[in-house]
Amino acid sequence: MSTNVTWKGRWTFILAATGSAVGLGNIWKFPYITGEYGGGAFVLVYLACILLIGIPVMIAEIMVGRAGRSDPVHSMSKMGKAAGRSANWGAVGAIGILAGLMIMMFYSVVAGWALDYVAQSISGNYHQATTATIEQNFSLLLSDPSEQLIWHSMFCLITASIVAGGVTNGIGKSVDILMPILFGCLLLLLGYSWLNGDFSAGLHFMFDTDFSKLNSEAIIVAMGHAFFTLSLGMGAIMAYGAYFPGKTSIGKTVLTIAILDTVIALVAGMAMFPLVFANGLTPSQGPGLMFVTLPIAFSTMNGGQFFGTIFFALVSIAALSSSISLIEPGVAWLEKYGVKRPLSTFSLTGVAWLGGIACIYYGEVFDALDYITANIMLPLGGLLIAVFVGRILSRSTVAQEVGMGTGALFKSWWFVLRYLAPIGIILIFLNSLKLI
Ligand code: PFF
């Protein structure tokens, strides 16, 4: 992808960035961590982090990408230098590239599970099965490394083939059609849950705020997930920002993406928890939540085999439009050194593929990568990006590049970016280290 190509317009950018944001984080991870960390109070902290930290940092990332018109490393070092400060700020982009690869390691394994469930749906494996059999199906998959390896490899291969061809060709268009269908499927599941699940127990679980369940770990996981779900803190959105058309409003675009992303996560949770309570499952069952509750719905609904197939296929595609953005910043960076796209794509994806194999065989590797990236690397990246834009670049440059005018809107964003967001991230870090 060369830097003189720009996304065809604001809408294409919205679709690509939404494609990056909406993925396994919304449909698989959000419901299961909400279950693990006790529901309502966790959801509230997550929503607050989206609003007060995620949205301002996303505006900052897009601005840097658009102004730098390059990969995250070069965009940040170029702007640092232009501001008369250090070019070493590019290191933030480099940490982000590493974080992207580390996320891809476990992300591709879970996407592989989704692909496996496409096959299971087609073959009618869980059709009209009992809850116990459906639970056992997931355990069987987890205890079968070679089965996981096949799907994980296939997912890595598809991701690499798309990135190697250049991300501006085609993803925008497919996301355009597929995302609304995915949303339609989630609404269908929500309707099913409403009719057949314990809807009120599900809603109480998700929205009753019981702060006694909120420990410092829950807070840091909620913040980490705000970064993860919006693809922030590692340069993915910054890399896409390099193709954002000049002069279009960043603020409105970011709001659209954040709202879409949040609504999808909330609907996914509202579809799953009523089924959890109606079927005697535990909300805190962990990563299998989606792979157990939804097949229960598909196993009994009319046309369930068909809808199950479509649903897991769409989840896999949503994961694909996210995984592309995990690899893209590294590829764009290597491109600057003359490394050809196919070579860099297959090398970087190859590294992630190997890490994925470690995740398949050692659950601790999976958990550690998930924890370190989402809860430490992304918030740290976000903090550094906020400091970079809010304190290293000059106010006039930022005001000019971000294109929000100089009125109340700009002033409140600037305030949040300089004070609220960084202080919030630092406090949450200190709290999780038991220092405050
Ligand atoms: N936002 C993606 C999801 O919610 O599934 C995951 C992700 C993609 C995280 C890209 C970070 C990233 F840079």
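Quantities reported herein were computed from a predicted structural model and do not represent experimental measurements. (Residues numbered from 1 in each chain as written. Predicted model: local features only at pLDDT ≥ 70, side-chain atom pairs only at ≥ 80, totals over all residues. Heavy atoms only, no water.)

A.B. asks: Can you help me understand the overall build of the protein chain in this one?
C.D. replies: Per the secondary structure count, the protein chain includes 18 helices and zero strands. Here the protein chain has a C-alpha radius of gyration of 21 Å; the compact-globule value for 436 residues is 22 Å, and the two agree. Projected onto the principal axes, the alpha-carbon positions of the protein chain cover approximately 65 × 50 × 40 Å. Contacts spanning at least 24 positions in sequence make up 84% of the contacts within the protein chain whose residues lie at least 6 apart. Summed over its atoms, the accessible surface of the protein chain is roughly 16200 Å², and 67% of this surface lies on carbon and sulfur atoms. Across the protein chain, the centroid of the 20 positively charged side chains sits 22 Å from that of the 19 negatively charged ones. (Helix = DSSP H or I, 4+ residues; strand = E, 2+ residues; numbered from the N terminus. Rg over C-alpha atoms; globule rule 2.2 N^0.38 Å. Contact = heavy atoms within 4.5 Å. Areas by Shrake-Rupley, 256 points an atom, 1.4 Å probe, with all protein chains shown as cover. Lys, Arg positive; Asp, Glu negative; His and termini not counted. Charge placed at Lys NZ, Arg CZ, Asp CG, Glu CD.)

A.B. asks: What am I meant to see in a nonpolar patch on the surface here?
C.D. replies: Residues Leu51, Leu52, Phe415, Tyr419, Leu420, Ile423, Leu427 and Ile436 make up a contiguous nonpolar surface patch of roughly 750 Å² in combined accessible area. Contributing elements (two or more residues each) for the nonpolar patch: helix 3 (40–68) and helix 18 (408–432). Top contributing element to the nonpolar patch by residue count: helix 18, with five residues. Looking at where Phe415 falls in the secondary structure, it is placed in helix 18. Residue Phe415 is classed as partly exposed on the basis of its relative accessible area, which comes to 46%. (Patch = residues over 30% accessible without salt bridge, like charges linked within 9 Å, V, L, I, M, F, W, Y side chains within 5 Å. Salt bridge = Lys/Arg side-chain N within 4 Å of Asp/Glu carboxyl O. Buried < 20%, exposed > 50% of the residue type's maximum accessible area, 1.4 Å probe, protein only.)

A.B. asks: Teacher, can you tell me more about the pattern of salt bridges here?
C.D. replies: Where side chains of opposite charge bring their charged atoms close, a pairing between them can arise. Tallying each qualifying case throughout the model produces three salt bridges. Through salt bridges with shared partners, a single network forms among Glu328, Glu335 and Arg341.

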